[in-house]
Structures are given as structure tokens and as C-alpha cells.
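Coordinate analysis (summary)
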Amino acid sequence: MRIAIKNSESFSSTFEYITSERLHHPVTGITTDSRELVDGDLYVALKGENFDGHSFLSEVSQKGASAALVYKRDHGLNLQQILVEDAINIIGKIAQNWREKFKIPVIAITGTNGKTSTKELLSHVLSQKYNVHVTKGNYNTSIGLSLTLLELNDSHDVSIIEMGASLPGEIEALCKIATPTHGLITNIAPAHLEGFGSIKNIVFEKAALFRSIKNGICFVNNTDKHIVNMPITSEKITFGLTPDCDFSADIYHENDGTLTIVLNTDVIPTKSHN
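A few points on the structure. (Residues numbered from 1 in each chain as written. Predicted model: local features only at pLDDT ≥ 70, side-chain atom pairs only at ≥ 80, totals over all residues. Heavy atoms only, no water.)

Counting residues in each nonpolar core, the largest one holds 52 residues, and the members touching the most others are F11, I30, L69, L150 and M163. Excluding residues that lie within four positions of it along the chain, M163 makes contacts with A108, I109, T110, K115, N140, L145, I171, L174, C175, A178 and P180. Residues A45, V60, A65 and A68 belong to the second largest nonpolar core, which totals 10 residues. (Core = buried A, V, L, I, M, F, W, Y, C linked by side-chain atoms within 4.5 Å. Buried < 20%, exposed > 50% of the residue type's maximum accessible area, 1.4 Å probe, protein only. Contact = heavy atoms within 4.5 Å.)

Before going further, it helps to spend a moment on helix α1 (residues 8-19). Over its 12 residues, α1 runs 16 Å from end to end, which matches the ideal 16 Å to within 8%, given 1.5 Å per residue. Residues of α1 that are buried include every one of S8, F11, S12, T14, F15 and T19, and no others. Angularly, the buried residues of α1 cover 165 degrees about the axis, an arc narrow enough to put them on a single face. Facing away from the buried surface of α1 by more than 90 degrees, the exposed residues are E9 and Y17. The elements touched by buried residues of α1 are β2 (29-31), β3 (41-44), β4 (67-70), β5 (81-83) and α3 (87-99). Of the residues one or two after α1, S20 is the one with positive phi, at around 65 degrees. (Helix = DSSP H or I, 4+ residues; strand = E, 2+ residues; numbered from the N terminus. Expected span 1.5 Å × (residues − 1). Arc of directions from axis to C-beta.)

Within the sequence span of helix α6 (residues 170-178), burial applies to I171, L174, C175, I177 and A178. Summarising the axial view, the buried residues of α6 lie within an arc of 160 degrees, below the 170-degree limit, and thus occupy one face. In this structure, the buried side of α6 is in contact with α3, β6 (106-110), α5 (142-149) and α8 (199-212). T179 occupies a position one or two residues after α6 and carries a positive phi of about 35 degrees.

Looking now at unusual backbone geometry. Phi is positive for S20, close to 65 degrees, though the residue is something other than glycine. If you trace the backbone, S20 turns up in the loop between α1 and β2. According to the relative accessible area criterion, S20 is exposed, its value standing at 64%. Even without being a glycine, T179 presents a positive backbone phi close to 35 degrees.

With that settled, consider the pairing of β6. Here β6 lies mainly inside the structure; 5 of its 5 residues are buried. Residues V106, A108 and T110 line one face of β6 and the alternating positions I107 and I109 line the opposite face, and both faces are buried. Across 4 bridges, the pairing between β6 and strand β8 (residues 158-162) is parallel. Following the sheet pairing, A108 is matched in β8 by I161. By the bridge criterion, 4 bridges tie β6 to strand β9 (residues 182-185) in an arrangement that is parallel. Directly across from T110, in β9, lies its bridge partner I185. (Pairing = 2+ DSSP bridges.)

Quick look at the structure:
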């Protein structure tokens, strides 16, 4: 996982504000994977169940890393190593501070299924008019979301952030970092039950997105019984397949296997045109 940093000076200032450590060299990228590191990157040494990123400190030093976030230092290396208890937490705080610099709409998308597809479709539509900042692939975890936010720059008009969760409290934590202004929950279904225990807990977890939005807009899927009953304190826009929605649609299955969507009076075929 790697991102490029376009404003190295501003990033260094934010980094020092959060960590109280001054970077000795400019940072032009951030990576958690030693294989992806390029000269000038900040290396985030993560430790998982089956790996320890600290094993690659010598390698990233030789590749030209500008610095590394570590929980233990290798004193035999000529590499600036910033000691932290939790590298993911620190990157999250840096990302949160960075995001606060931008007064643009941040649209967060979560749900059991369809997050990435919805994100890509929305990005495609909005890109016709705006410069869109969007989550790459499925960078929807705490480290992935944080790195995504650090790609925000002054050229962006809107941000689309994907949020995933497999354990209780993760969506709330991601919302604290991203502070979304708009939220959409695609659907709710039994998934990651080993982490959540019940569908009720999944509903509460996903609803954290709507709870985090106080003065923005929540887009509510009225066809999902779990979502339609979620408490919302901000503006609400509903969509679905019934006339009582703010945006009601009909979906038709064509003989060629494609779908046609009728939204109000607009007929939208999904088949591609050569």
C-alpha cells in the first residue's frame, strides 16, 4: 500500500504537529510495503500476525526511505526512525488533521455489499463536472482510509471515501478520521458474523456513519429494512423502488442481460455503447 505526497512541506508540518518530531528529509510518499517503497518515502513499519515490517528496515534504508515509523529502533541503520506505540493510530491522527484543512464535501460509503461498485459509479458521474478525490481499490481500512485522505490536495472539489469494517467500532473510528459531510449505506446483510456476532450488531456498526453526520446529508436506501429505520439527525434523502422515496426508480431486466433503470421520467440503459 503506497501513496504519493504532493505537498511535502505541508505534510512535514502536519507530521511535526502530531508527533512532535521534525522530519530530517522531505517525504514524497508513504508506504507500508517495503517492496513498493521508492526514494523519499516514509515507511510505516506495521506488525501483523504473520509478519513484522521492522524486518525490512535495512532494505527500505538502502532503497532511500526518508524516515520510518517504528515501535522499536534498529540503531545500526543510517535512517531516521520515529518511535511510536501505534503507527496506524499516528497515521490516522495525521490524516485527520490533514483532512481538516479542506472544506470540501466528503462522501463516505459503507455497507455489506456494493461499496466499491457504488464508489466507482459515483466517481464516474461526478468526474464529469468535478475534480474527484476517491479511494483507490479497496483502501477502506483504518490505514487505507488514512493514506487515502493524505492524497487530498487543493485541486480537489469533492472526496469519495469507502469504509469497511469487520469488528465493532471500526466505522466510528473511520468517521472520526474522515469527518464525512455526506453518507450512504448500500445495504445490510449477515457478514463478518465472527466479528460482530449478530445482524443487530452489524446494523449498529454501519449506522455509525449516519450518527457521525450532524449537518450534512444521509442518503437512505428505503428498500433495506435495516437502513430505513436508522436514526438520523441531519438532512435525509431517500431512494428506492417505491413512490414514497425522494428518488424512486424502476429496474427492468432486458433480454440481452442488461438492466434499464427508469428514474422519474428518465430512462437509463446500462448497456455500453461502442
